[in-house]
Structures are given as C-alpha cells and as structure tokens.
Amino acid sequence: MPKNVTVVPHLSDQQLYSRYRASTSRVERSHYQIIWLLARGKTPAIVSGVTGYSRRWVYLLLQRYNQQGPEALGDRRQSNPGKPTQLNDVQRAQLWQVLSQPAPDGGLWNGRKVADWLSELTGVRISPHRGWEYLREMGYRLKVPRPQHQETSILQQQQWTKNSI
C-alpha cells in the first residue's frame with residue numbers, strides 16, 4: 001500500500017508547476033518538480049522513479065518544504081560556509097615563524113613535522129596530510145639540494161660543466 005504524504009499548501013499546484021517550468025537552475029527545477037508531483041497526489045515511490053532521486057531524499061525535501069516553504073527549495077550549497085579552519089590567525093603567524101627556522105631535527109620541514117608541531121600547539125591531532133597542506137598553503141616546497149660528487153674537487157667539477165671549454 002503506497003504511503004500518502006501531506007504537502008503544506010504554501011503554493012498552489014499551478015504556482016508550483018509554473019515555478020518548476022520557469023526555473024533556470026537544475027536543482028531548483030527538480031525540487032519544484034518533486035513537490036509539484038507530491039502535491040498532485042503522487043506517491044514518493046513514483047516521484048522517486050520519475051525524478052531519479054531516492055525516496056529518502058524525496059521525504060527529506062518534503063519535510064523541508066513543509067517546514068520552511070519555497071525558500072527551502074533550490075541549491076543551498078552556496079550558503080554553506082564549510083567547516084571552520086583548524087588554525088586561527090595567531091597560530092598561522094606562529095607557524096610562519098617556525099617554518100622560517102630549521103626543523104627541530106635539523107632536516108627539512110615536511111608534512112609530518114608540521115603536523116606534529118601543530119598538534120602540540122593546538123592540542124588536537126592533525127594529520128600529516130593536513131600538515132603538508134599548510135606547508136603548500138604558505139608557499140613552502142620540499143627542496144632537496146642536488147647531489148654532488150664527493151670524490152672530485154670543486155675545480156674538477158667546474159671543468160666538467162656544460163659551458164666550460
């Protein structure tokens with residue numbers, strides 16, 4: 001037995017249909033189509049089959065529409081600020097100062113070393129990948145010096161360079 005759903009009449013069937021047909025946004029258009037079909041008495045299973053969205057999403061969209069009205073429809077990803085950054089401006093400045101000095105073990109700074117240092121600073125475990133992202137964000141790269149032959153003198157090395165005569 002199909003489950004009947006209730007659509008709060010924020011807009012009439014004709015208004016839903018005209019907004020569905022006039023919408024230029026793909027997401028908004030499909031949302032209006034889903035609500036319009038539900039308002040015309042179609043079951044969520046039929047609406048899911050017609051639109052390609054899952055039944056769970058049809059129910060969530062209907063719930064959002066019933067609570068908030070037409071403002072709940074459409075692509076709302078632009079208004080999502082995302083997750084807050086792990087470091088504030090002061091901590092970024094401290095990281096910048098630390099990166100200007102040699103690494104604690106005397107080697108080069110890498111993602112693991114930055115993540116370990118930041119974990120101590122913030123008290124939160126930071127992954128080595130995120131440490132590498134902070135390094136890249138601040139313009140640092142792994143710079144390994146070119147290997148030099150140890151058995152020859154500098155004068156002999158210069159004689160073998162490309163432009164020497």
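Data block above holds the structure.
All values derive from a computational prediction rather than experimental measurement.

A.B. asks: I'd like a rundown of the pattern of salt bridges, residues and numbers included.
C.D. replies: For the coordinates displayed, the defined rule picks out five salt bridges. Salt-bridge contacts for Asp116 lead to Arg112; the nearest nitrogen and oxygen are separated by 3.7 Å. In this pair, Asp116 and Arg112 are both assigned in helix H6 (residues 111-122), four residues apart and thus about one turn of the helix distant. In this structure Arg112 comes out as partly exposed when scored by relative accessible area, which is 46%.

A.B. asks: Can you break down helix H7 (residues 128-137) residue by residue, with the values?
C.D. replies: Residue pairs three or four apart in sequence face the same way in an α-helix, which turns once every 3.6 residues. Residues of H7 that are buried: Gly131, Tyr134 and Leu135. When H7 is viewed along its axis, its buried side chains cluster within an angular range of 100° and face the same direction. Looking at the packing, one finds that the buried side of H7 touches helix H5 (89-99) and H6. Phi turns positive one or two residues past the end of H7, at Gly139, with a value near 85°.

A.B. asks: So what's going on with the packing of aromatic side chains? Which residues, and what values?
C.D. replies: The way to describe two aromatic rings as a pair is by their centre distance and the angle between their planes. In total, this model carries four aromatic pairs according to the counting rule given. Judged by centre distance (5.9 Å) and plane angle (65°), the rings of Trp96 and Tyr140 are edge-to-face. Here Trp96, found in helix H5, pairs with Tyr140, found in the loop between H7 and helix H8 (154-159); they are 44 residues apart in sequence, far enough to count as distant. What makes Tyr140 partly exposed here is its relative accessible area of 24%. The rings of Tyr17, Tyr20 and Trp36 are connected pair by pair, giving a single aromatic cluster. Residue placement shows Arg21 over the ring face of Tyr20; its charged tip is 5.7 Å from the ring centre. Of note, Arg130 hangs over the ring of Tyr134, and the distance from its end group to the ring centre comes to 4.1 Å.

A.B. asks: For H6, give the residues involved together with the corresponding values.
C.D. replies: Counted at 1.5 Å a residue, the expected span for H6 with its twelve residues is 16 Å, and the 16 Å between its end C-alpha atoms agrees. Where H6 is concerned, the buried positions are Gly111, Lys113, Val114, Ala115, Leu118 and Ser119. Next to the buried residues of H6 lie H5 and H7. Capping the start of H6, Asn110 holds a side-chain oxygen 3.2 Å from the backbone nitrogen of Arg112, two or three residues further along.

Rules used throughout
- Residues numbered from 1 in each chain as written.
- Predicted model: local features only at pLDDT ≥ 70, side-chain atom pairs only at ≥ 80, totals over all residues.
- Heavy atoms only, no water.
- Salt bridge = Lys/Arg side-chain N within 4 Å of Asp/Glu carboxyl O.
- Helix = DSSP H or I, 4+ residues; strand = E, 2+ residues; numbered from the N terminus.
- Buried < 20%, exposed > 50% of the residue type's maximum accessible area, 1.4 Å probe, protein only.
- Arc of directions from axis to C-beta.
- Contact = heavy atoms within 4.5 Å.
- Phe/Tyr/Trp six-rings, centres within 6.5 Å; stacked < 30°, edge-to-face > 60°.
- Lys NZ or Arg CZ within 6 Å of the ring centre and 35° of its normal.
- Expected span 1.5 Å × (residues − 1).
- Polar contact = N/O pair within 3.5 Å; in protein donor to acceptor, adjacent residues only side chain to side chain.

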